[in-house]
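Coordinates in review
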Amino acid sequence: MSDMDLGELGRKIGKEVEKFISSDEIKGLQRDIRETVEKTVDDVRQTARDASDYMNRNIEIRWEDSLKKAGQDTEKTGPWTEAWLSRKRQQEAERKAELQRKAEEEKKLPVVKRPGGSVGSILMIIFGSIGAGLGSLAALGTLFWILLTDAVLLGLGGAALLLPLAFTGLSTAMAVAGGIIRGRISRFKQYVKTMGEKEVCAVEDLARAVDSKGRRVIKDLKTMIRKGWFREGHLDRQETSFMLTDGAYQLYQEAMVEHARRREEEELLEKDPVRKQLKLAAAEGDEYIRRIREINDSIPGGEISGKLCRLEEVCKRIFGHVESNPEKLGDIRKFMSYYLPTTLKLVEAYHGFYYEPVQGENIVAARQEIEETLDDINAAFEKLLDKLFQEDAMDISADISVLSTMLAQEGLLEDEFIIKK
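Residues numbered from 1 in each chain as written. Predicted model: local features only at pLDDT ≥ 70, side-chain atom pairs only at ≥ 80, totals over all residues. Heavy atoms only, no water.

1. Examining the side chain of N296
Note that N296 resides in helix α9 (residues 273–298). Of the polar contacts made by the side chain of N296, one reaches the side chain of S305; its length is 2.9 Å. With sequence-adjacent residues up to four places away left out, N296 is seen in contact with S305, L308 and C309. (Helix = DSSP H or I, 4+ residues; strand = E, 2+ residues; numbered from the N terminus. Polar contact = N/O pair within 3.5 Å; in protein donor to acceptor, adjacent residues only side chain to side chain. Contact = heavy atoms within 4.5 Å.)

2. Here's the deal with unusual backbone geometry
One can expect most non-glycine residues to show negative phi and most peptide bonds to be in trans. One non-glycine residue, D211, lies in the positive phi region at around 55 degrees. The residue D211 is located in the loop between α6 (203–209) and α7 (214–227) in this model. A relative accessible area of 72% places D211 in the exposed class. The phi dihedral of E239 is positive, around 60 degrees, even though this residue is not glycine. Looking at the secondary structure, you find E239 in the loop between β2 (234–235) and β3 (241–243). (Buried < 20%, exposed > 50% of the residue type's maximum accessible area, 1.4 Å probe, protein only.)

3. Structural notes on the packing of helix α10 (residues 303–324) against helix α12 (residues 361–388)
It is the contact of α10 with α12, at a shortest axis distance of 10 Å, that shows an interaxial angle of 20 degrees. In terms of orientation, α10 and α12 fall into the roughly parallel class. Here the hand of the crossing between α10 and α12 comes out left-handed. Contacts between α10 and α12 involve I304, K307, L308, R310, L311, V314, C315, R317, I318, H321 and V322 from the first element and E371, E372, L374, D375, I377, N378, A379, F381, E382, L384, L385 and L388 from the second. Tallied by class, the residues present in the contact of α10 with α12 amount to 14 nonpolar, two polar and seven charged. (Axes fitted to C-alpha atoms, helices over the stretch in contact; angles between N-to-C directions. Parallel < 35°, antiparallel > 145°, perpendicular 65-115°, else oblique. Left-handed = near helix turned anticlockwise from the far one by under 90°. Nonpolar A, V, L, I, M, F, W, Y, C, P; charged D, E, K, R; others polar.)

4. Concerning the sheet that holds β2
An order of β1-β3-β2 is seen for the three strands of this open sheet, with the pairing classed as antiparallel. Two strands in the sheet have a free side with no partner beyond their single neighbour: β1 (200–202) and β2. In terms of strand pairing, β1 meets β3 through three bridges, oriented antiparallel. The residue of β3 that forms the bridge with A202 is S241. (Pairing = 2+ DSSP bridges.)

5. Thoughts on the environment of L278
You can see L278 is positioned in helix α9. Residue class for L278 comes out buried when judged on its relative accessible area of 11%. C-alpha separation for the pair L278 and F319, spaced 41 residues apart in sequence, amounts to 9.6 Å. Discounting chain neighbours no more than four positions away, the residues touching L278 are V322, E323, P326 and L329.

6. Quick notes on the side chain of E312
Mapped onto the secondary structure, E312 falls in helix α10. Given a relative accessible area of 10%, E312 falls into the buried group. Apart from the residues lying within four places of it in its own chain, the contact partners of E312 are I289, I292 and R293.

7. Quick word on the environment of E258
Here E258 is to be found in helix α8 (residues 246–271). Look at E258 and you get partly exposed, because its relative accessible area is 29%. Of note is the side chain of E258, whose polar atom sits 2.6 Å from the side chain of R261.

8. Considerations on the pattern of salt bridges
This model, assessed by the stated rule, comprises 15 salt bridges. The shortest N-O distance in the salt bridge between K222 and E239 comes to 2.8 Å. Of this pair, K222 sits in helix α7 while E239 sits in the loop between β2 and β3; the two residues are 17 residues apart in sequence, bridging distant segments of the chain. (Salt bridge = Lys/Arg side-chain N within 4 Å of Asp/Glu carboxyl O.)

Okay, here's the thing in structure tokens:
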């Protein structure tokens, strides 16, 4: 290799180093160093400010005590005290502003401000690149020396060439590792920026933000959670959504439990048509009862309120009994298809009449008729509820009769049985 080639190689390496020094990575390192210095200066200033406030507060206390001892009103002692009060009010405002700022800081999403490796990754890239360049130069020089030496020294030359090559490989690996870490940090910042103030975000949206595939984003998020960059981060079971807080993850878990319960219930209903019909009837009944209660709540007091409460209670008992005895669902078909809808229609009409601004003769008569009809309806519904228990009562009577007969046959109830006969 000629001196001209070596010179050209040196110029190329120099350009690459100069290009790297002026790259965004070096600018990022400078920015991180500048932010660290500024933060340190701010901390020093805050410490000095706290010390000054402490001294001023002691002076204020002493000044106030001296005024009290002198028997003077601290708010009526001239311009000096007025200036002191103005300073006190200003400090109180600053204190409130500081408390508000800290409260806003606590509301921020639980992510680290400076991920681990922010500075170290840049140093790895710089020194790794420089080491790789120097190692390459050393390897080229060693190779040039081997070519110019006698063939007897080739064995020694091979061993000498191994050292710069190994150094070059390690340096290159360090630079690549630094680049990987730096890239992950850059994507982390982009993820945080994309989420904004949201606690839940689709993995697809994060992948679109960094122009990457979903699997890589998922791998990124798992790594960042493990490293503590996302302090409360969680992925859902399908790995399609990312939750930034424990609160959001708790809601997700509760939703999953509810979803599983509903799905299991739907599967059971599909396998059991009777149970499905019962579920639909119960839901329909709940809606009727809810509407009656809503209208009752909107009518302040009065006799009608007691009648509506009675109506709501008997309807709840009817549906509760049928839910416990699904075989009796057919006994309330007409109740659900006509009686209850018509009753609700009357109640809604009463509600409309009640809030008419002008209570004419016809409106008052209609209201009175509905009120009287509700008594009949309640009595009818209570009779229907009683009929639902008719078979149960008959079964109990039959059981009592059989039991009494058997006990009498055994001579255990002979006297009482004869008397009853």
